[in-house]
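Architecture at a glance
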Amino acid sequence: MTDRNFDGIAERFRKNIYGNPKGELRLALCWRELLAKVPALNESVLPSGQAMSVWDAGGGLGQMSIRLAECGHQVLLNDVSADMLAIAEADIAAAGVADRVVLHHAAIQDLATAEHREAFDLVLCHAVLEWVKEPEDIIAALVAGMRPGAYLSLMFYNLNALIISNMAKGNLYKLRDRDFAGHPGGLTPPAPRQPQEMMAILEAAGLEIVAKRGIRLVYDLMPRAVRAERSVPDVLALEWQYGAEEPFWALGRYVHLLCRRPI
């Protein structure tokens, strides 16, 4: 496989992923985890007037960049898709935070330069690893950008959840052959990741795992007809209640790992 670029389908991506509760839950749960666990985000006023330097790596449409910029932080948002960045740029301008977000049309690996080495207090990389050939290279680049004491918010498409989904659907041949890749050109990721493998890579890179959470655990286990009858706030509350517990954190459609580089 080759690393995926969403040029040509950015609007379709926004509609299909973020135009429904799937994307809403994903954003809300990651943001709540960050607020709960990253001290500088847990302050109503920036301590000593100091803004964090944030890298939204492969940040696509820029939703997290906007939220962080609205809190007063300085954000670098990069993506390989010019179409995604064009949408992000318009939304950033509409939110009135263009002075706090720098856009960079480049791959994550291309930013692993001396200029960006140990430059960031917080690094986000959400829903990227499942679209690339070599996740180790991405993680190495992310870690290189982290200052001592910095946090990494990493979210990826979870192989465990995909296996359970295929069991429930009776896809016996897919299960037998372990053929879980999405169709080329579609929006199902081609390379779902196994949580323990990703954790091993992160720990080998010198990071501490601060928190583990399953994202879209409750929502994705409900039949479609039932989902339509449940409110997003009610589902969100249950996602938060169970998402960090054993064994549920490792069964969400996505897994969010919050990591810290030791000082």
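The text that follows walks through the structure, step by step, so that each part is easy to find. Keep in mind the model is a prediction, meaning the values are calculated, not measured. (Residues numbered from 1 in each chain as written. Predicted model: local features only at pLDDT ≥ 70, side-chain atom pairs only at ≥ 80, totals over all residues. Heavy atoms only, no water.)

Things to note about the pattern of salt bridges
For clarity, the cut-off: Salt bridges are defined as contacts in which a side-chain nitrogen from Lys or Arg sits within 4 Å of a carboxyl oxygen from Asp or Glu. Strands are runs of DSSP state E lasting at least 2 residues, helices are runs of H or I lasting at least 4, and numbering of each runs from the N terminus. For each residue, the accessible area found with a 1.4 Å probe, counting protein chains only, is set against the maximum for its type, and the residue is called buried under 20%, exposed over 50%, and partly exposed in between.
Applying the stated criterion across every chain yields a total of twelve salt bridges. Here Arg 253 and Asp 220 are joined by a salt bridge, their closest N and O atoms 2.8 Å apart. Linking Arg 253 in the loop between helix H11 (232–242) and strand E7 (254–260) with Asp 220 in helix H9 (residues 218–221), this pair joins segments that are 33 residues apart in sequence. Looking at Arg 253, the relative accessible area reads 12%, which means it is buried. Looking at Asp 220, the relative accessible area reads 16%, which means it is buried. Here the residues in one salt-bridge network are Glu 11, Arg 14 and Asp 91, joined through shared partners.

Let's talk about the pairing of strand E2 (residues 74–79)
Keep this limit in mind: Note: two strands are recorded as paired if DSSP finds a minimum of 2 bridges between them. Handedness of a crossover is defined as follows: orient the strands so they point away from the viewer, and if the path from the first strand over the helix to the second runs clockwise, the crossover is right-handed.
Most of E2 is tucked away: five of the six residues are buried. As defined by bridge partners, strand E1 (residues 53–57) adjoins E2 across five bridges and the pair is classed as parallel. If you follow Ala 57 over to E2, its bridge partner there is Asn 78. Handedness of the crossover joining E1 and E2 through helix H3 (residues 63–70): right-handed. As defined by bridge partners, E2 adjoins strand E3 (residues 101–105) across five bridges and the pair is classed as parallel. Within the sheet, the bridge partner assigned to Val 75 lies in E3 and is Val 101. Handedness of the β-α-β unit built from E2, helix H4 (residues 82–95) and E3 comes out right-handed.

A few points about H4
Cut-off, in case you're wondering: Expected span of a helix, by definition, is 1.5 Å for each gap between consecutive residues, and there is one gap fewer than residues. Think of the arc as the fan of directions from the helix axis to the C-beta atoms. For this analysis, residues touch if any pair of their heavy atoms sits within 4.5 Å.
Taking 1.5 Å of rise per residue, the 14 residues of H4 would be expected to cover 20 Å, and the 20 Å separating its terminal C-alpha atoms lies within 8% of that figure. Every buried residue belonging to H4 is among Met 84, Leu 85, Ile 87, Ala 88 and Ile 92, and all of these are buried. Seen end-on, H4 carries its buried residues on one side only, within an arc spanning 160°. Turning to H4, the residues buried within the fold contact helix H1 (10–18), H3, E2 and E3. Downstream of H4 by a residue or two, Gly 96 has a phi angle that is positive, lying close to 75°.

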